[in-house]
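Examination of the molecular architecture
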Amino acid sequence: MPDPLPTARPKTTTGGRRWILALAAAALLLAPACRGPRSPESAAEPETLSRTEFTDRIENFFEHDPLAPGKPSRFLIHLTDLSDGSPVEKAEVALTTRPFGGGGTGTVTKAKVSRVTGIYVAEVTVPTRGSYTIEFHVKNSKVDERMTLADFAAQ
């Protein structure tokens with residue numbers, strides 16, 4: 001007895017399969033282009049350096065960009081009064097930069113008071129490659145401290 005309702009089979013063609021295969025291949029090849037642009041590895045920002053130093057009266061934890069001749073390096077300076085553990089408030093903070101082993105007056109950079117109590121920001125620029133010392137002078141109504149630090153290399 002013949003089937004009263006023959007099952008309809010879709011006709012497949014080699015051309016149709018090739019078309020689907022071409023679309024799938026195009027999607028796979030173009031998918032990575034939908035990502036945002038990537039920055040080149042060589043243009044990566046240099047790593048921020050950090051250091052903690054002490055006097056009898058203050059703790060100076062600071063972070064800074066590596067020194068580069070003719071380019072400002074941002075110093076983020078966190079100051080703590082060791083007598084009571086509080087942030088050093090409303091201070092005048094000056095950084096004097098000198099070539100290592102050299103005398104002279106050096107270059108003075110005054111730090112700006114941050115929005116956060118006890119944090120100060122300075123932009124230090126050195127003229128040439130080499131080693132430098134930086135003297136931090138911190139002064140307010142409670143403290144008047146000087147801290148001369150070496151081992152700052154400009155490359």
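A short tour of the structure in this document, coming up.

The computed volume of the largest pocket comes to approximately 150 Å³. Around the largest pocket sit Glu45, Pro46, Thr48, Asp65, Pro66, Ala68, Lys71, Pro72 and Ser73, which together line it. For the lining of the largest pocket, a count of residues per class yields 4 nonpolar, 2 polar and 3 charged.

Our next topic: the sheet that holds strand β9 (residues 130-139). One open sheet holds the 4 strands; their spatial order is β6-β5-β9-β10, and the pairing between them is antiparallel. The sheet is open, and its two borders are formed by β6 (107-110) and β10 (144-154), each paired with just one other strand. Sheet twist, expressed as the mean angle between neighbouring strand axes with direction ignored, is 20 degrees. Pairing between β9 and β10: 9 bridges, direction antiparallel. Its bridge partner lying in β10, Ser131 is registered against Ala153.

This next bit is on the pairing of strand β2 (residues 58-64). Across the two faces of β2 the burial differs, with Ile58, Asn60, Phe62 and His64 buried and Glu59, Phe61 and Glu63 not buried at all. Direction of pairing for strand β1 (residues 49-54) relative to β2: antiparallel, over a ladder of 6 bridges. From the neighbouring strand, Arg51 faces β2, where its bridge partner is Phe62.

What follows is about the environment of Lys90. Mapped onto the elements, Lys90 comes out in the loop between β4 (86-87) and β5 (92-99). With a relative accessible area of 75%, Lys90 lands in the exposed category. It is 8.0 Å that separates the C-alpha atoms of Lys90 and Thr117, two residues lying 27 residues apart in sequence. Dropping the residues within four chain positions of it, Lys90 is found in contact with Tyr120, Lys139 and Asn140.

Conventions used here
Within each chain, residues carry numbers counting from 1 in the order of the written sequence. Per-residue local features are limited, in this predicted model, to residues with pLDDT of at least 70; the limit for side-chain atom pairs, both in listing and counting, is 80 or more; totals at the level of whole chains, interfaces and linings are taken over all residues. Neither water nor hydrogens contribute to the side-chain values; these are computed over all heavy atoms in the structure. The distinction between a cavity and a pocket rests on a 1 Å grid over the protein atoms alone: a 1.4 Å probe fits inside a cavity but cannot get out, while a pocket stays open yet meets protein on both sides within 12 Å along at least five of seven lines, and a residue with an atom within 4 Å of a point counts as lining. Grid points are joined across faces, edges and corners, and a volume is the space filled by probe spheres set on the points. Under this grouping Gly is polar, as are all residues other than the nonpolar Ala, Val, Leu, Ile, Met, Phe, Trp, Tyr, Cys and Pro and the charged Asp, Glu, Lys and Arg. Two strands make a pair as long as DSSP finds a minimum of two bridges between them. Helix and strand assignments follow DSSP, with helices taken as H or I runs no shorter than four residues and strands as E runs no shorter than two, numbered in order from the N terminus. Orientation is described by axes fitted as lines to C-alpha atoms, over the contacting stretch for helices, and by angles from 0 to 180 degrees between their N-to-C directions. Relative accessibility thresholds used throughout: buried, under 20% of the residue-type maximum; exposed, over 50%; partly exposed, between the two (1.4 Å probe, protein chains only). Only heavy atoms enter the contact rule, under which two residues are in contact if any of them lie within 4.5 Å.

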